[in-house]
Structures are given as structure tokens and as C-alpha cells.
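Each chain, letter by letter, is given below.
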Amino acid sequence: MTAPPDDCLARNEWICGAYLSSRREILWDAALQHLQLTALAVVIGLALAVPLALAARRLRWAAGPVLGLTTILYTIPSLAMFSLLLPVYGLSAALVVTGLVLYSLTLLVRNILAGLRAVPEETRQAARGMGYGPLRLLLAVELPLALPAAMAGLRIATVSAVSLVTVGAIVGYGGLGNLIYSGMNTYFKAQVLTASVLCVVIAVAADVLLLGAQRLLTPWTRRGDQ
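Computed from a predicted structure; not experimentally measured.

What counts, and at which threshold
Residues numbered from 1 in each chain as written. Predicted model: local features only at pLDDT ≥ 70, side-chain atom pairs only at ≥ 80, totals over all residues. Heavy atoms only, no water. Helix = DSSP H or I, 4+ residues; strand = E, 2+ residues; numbered from the N terminus. Rg over C-alpha atoms; globule rule 2.2 N^0.38 Å. Contact = heavy atoms within 4.5 Å. Expected span 1.5 Å × (residues − 1). Bend = angle between axes of the 7 residues up to and from the residue. Buried < 20%, exposed > 50% of the residue type's maximum accessible area, 1.4 Å probe, protein only. UniProt positions renumbered as here; feature names shortened; annotations may be inferred. Salt bridge = Lys/Arg side-chain N within 4 Å of Asp/Glu carboxyl O. Core = buried A, V, L, I, M, F, W, Y, C linked by side-chain atoms within 4.5 Å. Axes fitted to C-alpha atoms, helices over the stretch in contact; angles between N-to-C directions. Parallel < 35°, antiparallel > 145°, perpendicular 65-115°, else oblique. Left-handed = near helix turned anticlockwise from the far one by under 90°. Nonpolar A, V, L, I, M, F, W, Y, C, P; charged D, E, K, R; others polar.

## A look at the overall build of the chain
Move 1: When its secondary structure is counted, the chain shows 10 helices and zero strands.
Move 2: Written out in order from the N terminus, the α and β elements of the chain read α-α-α-α-α-α-α-α-α-α.
Move 3: Whereas a compact globule of 226 residues would reach a radius of gyration of roughly 17 Å, the chain reaches 22 Å, over 25% beyond that.
Move 4: Projected onto the principal axes, the alpha-carbon positions of the chain cover approximately 85 × 50 × 20 Å.
Move 5: Put simply, 71% of the contacts in the chain that link residues at least 6 apart link residues at least 24 apart.

Set out below in C-alpha cells:
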């Protein structure tokens, strides 16, 4: 007995509107979990990366160890990373978030540090001559000028996190990755394609939003492009 001509689910087609309409809540919940895990990991990673980059900038002896450690963390395969963290966090969302945070540190620390190092020394001297103390110099001069490089690192880290969240499906916290992996196991074409496309959409949307934020926060770079 053949499937009705309009039953794309029964025919197991890659593109199927019936899948979207019948699984809307499942897709929404998976996408929401994907966004939550990504956002939490990036925010925590940024909160850790800023002081690490500042320490590497102020204490020259700390630059090598900080960059070396974060680079080593980035070279660990994702499955191995989650396995190493499993005894500490168990099968939980914290396991996925922690792994993503560790991966993001390399990209964030390197770019923030590069931005701080690129601030012209004469700019610092001029600010000190105007009476800027260390904290005011950092907040009003160094960090704003380092923002373009820092935002570039943040964009890459965010897109990478969107991709790596899918690996969390091995512990049940992979957002859209849960649908991708279960769909691959059952060869459910519409589910695999839809979840994969949504991952790409989230990554592109996040990158565009961060690029827009970067342009708003660094208007001087736009004037330089004109």
C-alpha cells in the first residue's frame, strides 16, 4: 500500500511541511534550549576571558601560560572534553555549558588581548597626561579601542558554540542536536534537515546581530570605511 501523494512524512522526504506543522512545539523547545545553552556559555566565557586577558596584558609573565592553557583546551576533541567533565558534572546541562565555556576561552582571550595590545602607546600616554588613572584609562580608552578585535572573537566564539551545542546530544542536552542525532538514528530525513537548517539560521542570525552591535558600539570604524 503506497502513501498518499500529499503525505511527505509517510514518504520520508527531506523537505516536508507536515513535519514543521506537526512538530512545531518540539522544534521550538529544541531551538530554545539551543539558544539558552549557547548564550549562557558565551556570557560565562566572556566573563572569564576579560580578566584573563587583562592579567596577560598587565603581567607579561602571565601571557604565555594563559594563552598556552586556553590553546591546549581548544585542541581537546569535544567528545573527549565532555568525557573528562562527566565525573564532575554528570549528565547535565552544566556539563555542556562548561565544555563550551572552555572552548570559547581561546578565541575570546586571544582577541581581547590582541585588541588591548593594539592600543597605541601614545594614546595611553595622552590619557595619562589628561589625568586618567589606571581604571579610567582601562574603561574609557583601552577597552573601547580593543572592542573591534574583541567583538570579532566574540562572533567566532558564538558561532562555534552554536555548532558545538549539538554534540551535547550525547548527554541529552544538545538542543537541536538532539533532533539531529535521533533523526539520523531513525533515518528521519525531514527531522535531520529541519534541525540542521535551524542550527545554521541561529548561527547566521547570531553573527549578524553581533556584527550590528559591533557597528553601533564602534562608530569610528564606520567612518574609517567611508
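Now that the structure has been shown, we can carry on.
## Structural notes on the side chain of T166
Move 1: Locating T166 in the fold gives a position in the loop between helix 7 (134-165) and helix 8 (176-186).
Move 2: Dropping the residues within four chain positions of it, T166 is found in contact with H34, G174, G177, I180, Y181 and C199.

## Considering helix 7
Quick reminder: α-helices carry 3.6 residues per turn. Residues three or four places apart thus point the same way.
Move 1: Compared with an ideal rise of 1.5 Å per residue, which puts 32 residues at 46 Å, helix 7 spans 38 Å between its outermost C-alpha atoms and falls more than 12% short.
Move 2: At L147, helix 7 is bent by approximately 50°, the largest bend along its length, and proline P148 sits one to four residues beyond.

## As for helix 5 (residues 93-117)
Move 1: Here helix 5 contains 25 residues, and its C-alpha end-to-end distance of 36 Å stays within 8% of the 36 Å for a straight helix at 1.5 Å per residue.
Move 2: Maximum bend of helix 5: about 35°, positioned at S104.
Move 3: Taken across its 25 residues, helix 5 has 19 buried, putting it largely inside the fold.

## Considerations on the UniProt feature "transmembrane region" (unreviewed entry) in the chain
Move 1: In this numbering, the UniProt entry assigns the feature "transmembrane region" (unreviewed entry) to residues 35-54, 66-86, 92-113, 160-180 and 192-213.
Move 2: With 100% helix and 0% strand, residues 35-54 has end C-alpha atoms that lie 28 Å from one another.
Move 3: Taken end to end, residues 192-213 is 100% helix and 0% strand, and its two terminal C-alpha atoms sit 32 Å from one another.

## Some details on the pattern of salt bridges
Move 1: Taken as a whole and judged by the stated rule, the model has five salt bridges.
Move 2: A salt bridge links E121 to R128; its shortest N-O distance comes to 3.5 Å.
Move 3: Accessibility expressed as a relative area gives 38% for E121, which makes it partly exposed.
Move 4: A network of salt bridges, in which partner residues are shared, links R58, E121, R124, R128 and E142.

## Structural notes on the nonpolar core
Move 1: Counting 39 residues, the largest nonpolar core has A49, M81, V96, L102, I112 and L154 as its most contacted members.
Move 2: The set of elements that each furnish at least two residues to this core consists of helix 2 (24-58), helix 3 (60-75), helix 4 (78-89), helix 5 and helix 7.
Move 3: For this core, the element with the most residues is helix 5, which contributes 14 residues.
Move 4: Residues contacting L154, with those up to four places away along its chain left out, are V42, L108 and L210.
Move 5: If you look at the next biggest cluster of nonpolar residues, it comprises 16 residues, including A31, V162, I180 and A203.

## Some words on the packing of helix 6 (residues 121-129) against helix 7
Move 1: The contact between helix 6 and helix 7 brings their axes to 11 Å, and the two run at 160°. Judged by the inter-axis angle, helix 6 sits roughly antiparallel to helix 7. In this structure, helix 6 meets helix 7 at a crossing whose hand is right-handed. Residues T123, R124, A127 and R128 of helix 6 lie in contact with helix 7, whose contacting residues are L137, V141, E142 and L145.
Move 2: Considered class by class, the residues forming the contact of helix 6 with helix 7 number four nonpolar, one polar and three charged.

## Here we look at the side chain of Q214
Move 1: Relative to the helices and strands, Q214 is located in helix 9 (residues 189-217).
Move 2: What makes Q214 buried here is its relative accessible area of 14%.
Move 3: Contact partners of Q214, with chain neighbours within four places excluded, come to P148, M151, A152 and R155.

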